[in-house]
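Analysis of the macromolecular model
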Amino acid sequence: MTKNLTLLLALSEMSFLTFREKLVLESNLDTARELALLSVGDISALAGRAVRSKAWRNADIERRVAQIALVAERYGMHCVGHGDEAYPALLRALFDPPFLLYCRGDCAALNAPCVSVVGTRKPTRAGVEAARQFAADAARDGLTVVSGLAFGIDAASHAGALDGNGKTAAVLASGADVLSPRSNRRLGGMIISRGGCVVSEYAPGTEATKWRFPQRNRVISGLSPATVIIEAPGASGALITADFALEQGRDVYFHELALQGATLQDTAGSAAEPMKRSAARYCRDGAPVIRSYADYREAALNAPGRPHGGQGELDFSDIME
């Protein structure tokens, strides 16, 4: 393990710092040992703000880094720093990208053209079938299908990509060694063995907690030029992913299943159920409605101002630079 990697691993554990503050520390330090010598006051001086964190245990950081490296090696994880060539170009473009990624499987799948597909953990049968078919068609067209390995639409999307003999990437709210939920561990193993990957910004051994899921969602949307919502109730994390995508300047599409029983004029006072009302609001504001991957492809090709080439082939090279 190189000295630079040990420093990256150590900095990635400093969750109380922003991405840019970690960059400042990285530019001023050479090793994790130098970092371990810093007090909270020293870190505050480098960060340019008062850092009050009881989480900084500098005496333990070198031991912690050695432990992370050992588990990462045991699971065959690639540790991809923000400056590495293998780091996904679209993710690097974010304001607050992960400082480091832990990746099991083929990291190259993340730098291929991607589409993110998400939705509720409690889908209808039609929703499962729609997600699986969309993902299969996208995979056959050469796209990596990105989702979150959760119950429902996520799992159906990963499975569909495998049905299409393509690649899929699962972004976790836990360490890449902690495949969750347990019932999807076999699916996670298939994703890895079939040329895709399981990826996380959290160190090995990290358990999924509630606050980590929204952070995970920003990575799901950040890996792709577009996010497709199949089904999602009003409080669904899938709509959080849609919001992240819009904040990131990416496209959001809704499958028609998310709009069944609603109209684009639904308002807060509507009697329509929250799932339909929320999806309708996005669409009323301009989010395209699709029925299939073919619809998505056509909409992406014709999207104004988007670098899709316009000649029948999706071209993401401009946005990925």
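What comes next concerns the included structure. Note that the structure is predicted; figures quoted are calculated from it, not measured.

**Topic: the overall build of the protein chain**
What the protein chain contains, in helices and strands, is 13 helices and 9 strands. By the burial criterion, 55% of the 321 residues in the protein chain qualify as buried. Total accessible area on the protein chain stands at roughly 14,500 Å², and carbon and sulfur atoms take up 50% of it.

**Regarding the nonpolar core**
Within soluble globular proteins, side chains that are nonpolar generally end up buried alongside one another. One finds Met14, Leu25, Leu35, Ile43 and Tyr102 to be the most contacted residues of the largest nonpolar core, which totals 39 residues. For this core, the elements supplying multiple residues, two or more each, are helix 1 (3-12), helix 2 (19-28), helix 3 (32-36), helix 4 (40-47), helix 5 (61-74), strand 2 (100-105), helix 8 (153-163) and helix 9 (185-193). What Met14 contacts, discounting residues up to four positions off in sequence, is Lys22, Leu25, Leu35, Ile43 and Trp56.

**Considerations on the packing of helix 7 (residues 125-140) against helix 8**
Look at helix 7 against helix 8: their axes get within 7 Å of each other, and the N-to-C directions meet at 40 degrees. What the angle tells us is that helix 7 and helix 8 run oblique. Once helix 7 is placed against helix 8, the crossing between them reads as right-handed. Contacts from Gly127, Val128, Ala131, Arg132, Ala135, Ala136, Ala139 and Arg140 of helix 7 reach helix 8 at Ile153, Ala156, Ser157, Ala159, Gly160, Ala161 and Asp163. When the residues that make up the contact of helix 7 with helix 8 are grouped by side-chain class, the tally is 9 nonpolar, 3 polar and 3 charged.

**A few points about the pattern of salt bridges**
Note on pairing: side chains with opposite charge can pair once their charged atoms come close. On inspection of all chains with the given rule, the structure shows 10 salt bridges. Where Asp137 meets Arg140, a salt bridge forms, and the shortest distance between an N and an O atom there is 3.0 Å. With Asp137 and Arg140 both in helix 7 and 3 residues apart, the pair spans about one turn of that helix. Asp137 gets classed as partly exposed once you look at its relative accessible area, which sits at 24%. Across the pair Glu201 and Arg218 runs a salt bridge, and its minimum N-O distance is 2.6 Å.

**Quick word on the side chain of Asn184**
Of note, Asn184 is situated in the loop between strand 5 (168-171) and helix 9. With relative accessibility at 9%, the residue Asn184 sits in the buried group.

**Points about the sheet that holds strand 4 (residues 144-147)**
Ordered by their spatial adjacency, 9 strands build an open sheet running 1-2-6-5-4-3-7-8-9, and the pairing between neighbours is mixed. In the strand order of this sheet, the two ends are held by strand 1 (77-81) and strand 9 (289-290), each with one partner. Taken together, the 5 bridges between strand 1 and strand 2 define a ladder with antiparallel strand orientation. Bridge assignment links Cys79 to a residue of strand 2, and that residue is Tyr102. The strands that helix 8 touches are strand 3 (114-118), strand 4 and strand 5; relative to strand 4, the one it contacts most, it runs at about 165 degrees.

**Some remarks on the environment of Glu256**
With respect to the helices and strands, Glu256 occurs in the loop between strand 8 (251-255) and helix 12 (274-284). Glu256 sits in the partly exposed class, given a relative accessible area of 31%. It is 8.7 Å that separates the C-alpha atoms of Glu256 and Glu231, two residues lying 25 residues apart in sequence. Contact partners of Glu256, with chain neighbours within four places excluded, come to Val289, Ile290 and Arg291. Within the local environment of Glu256, its side chain forms a polar contact with the side chain of Arg291, the two groups lying 3.1 Å apart.

**Details of helix 10 (residues 212-222)**
Among the 11 residues of helix 10, 8 are classified as buried, and the element is accordingly described as predominantly covered. Contacts from the buried residues of helix 10 go to helix 6 (89-92), strand 3, strand 4, strand 5, strand 7 (226-229) and helix 11 (237-247).

**Details of the environment of Glu201**
In this fold, Glu201 is placed in the loop between strand 6 (197-200) and helix 10. Each C-alpha atom, one on Glu201 and one on Pro97, is 9.4 Å from the other, the two residues being 104 residues apart in sequence. Once residues within four sequence positions are removed from consideration, Glu201 is found in contact with Pro98, Leu100, Leu101, Tyr102, Gln215, Arg218 and Val219. Polar contacts involving the side chain of Glu201 include one to the side chain of Arg218, which spans 2.6 Å.

Calculation rules
Residues numbered from 1 in each chain as written. Predicted model: local features only at pLDDT ≥ 70, side-chain atom pairs only at ≥ 80, totals over all residues. Heavy atoms only, no water. Helix = DSSP H or I, 4+ residues; strand = E, 2+ residues; numbered from the N terminus. Buried < 20%, exposed > 50% of the residue type's maximum accessible area, 1.4 Å probe, protein only. Areas by Shrake-Rupley, 256 points an atom, 1.4 Å probe, with all protein chains shown as cover. Core = buried A, V, L, I, M, F, W, Y, C linked by side-chain atoms within 4.5 Å. Contact = heavy atoms within 4.5 Å. Axes fitted to C-alpha atoms, helices over the stretch in contact; angles between N-to-C directions. Parallel < 35°, antiparallel > 145°, perpendicular 65-115°, else oblique. Left-handed = near helix turned anticlockwise from the far one by under 90°. Nonpolar A, V, L, I, M, F, W, Y, C, P; charged D, E, K, R; others polar. Salt bridge = Lys/Arg side-chain N within 4 Å of Asp/Glu carboxyl O. Pairing = 2+ DSSP bridges. Polar contact = N/O pair within 3.5 Å; in protein donor to acceptor, adjacent residues only side chain to side chain.

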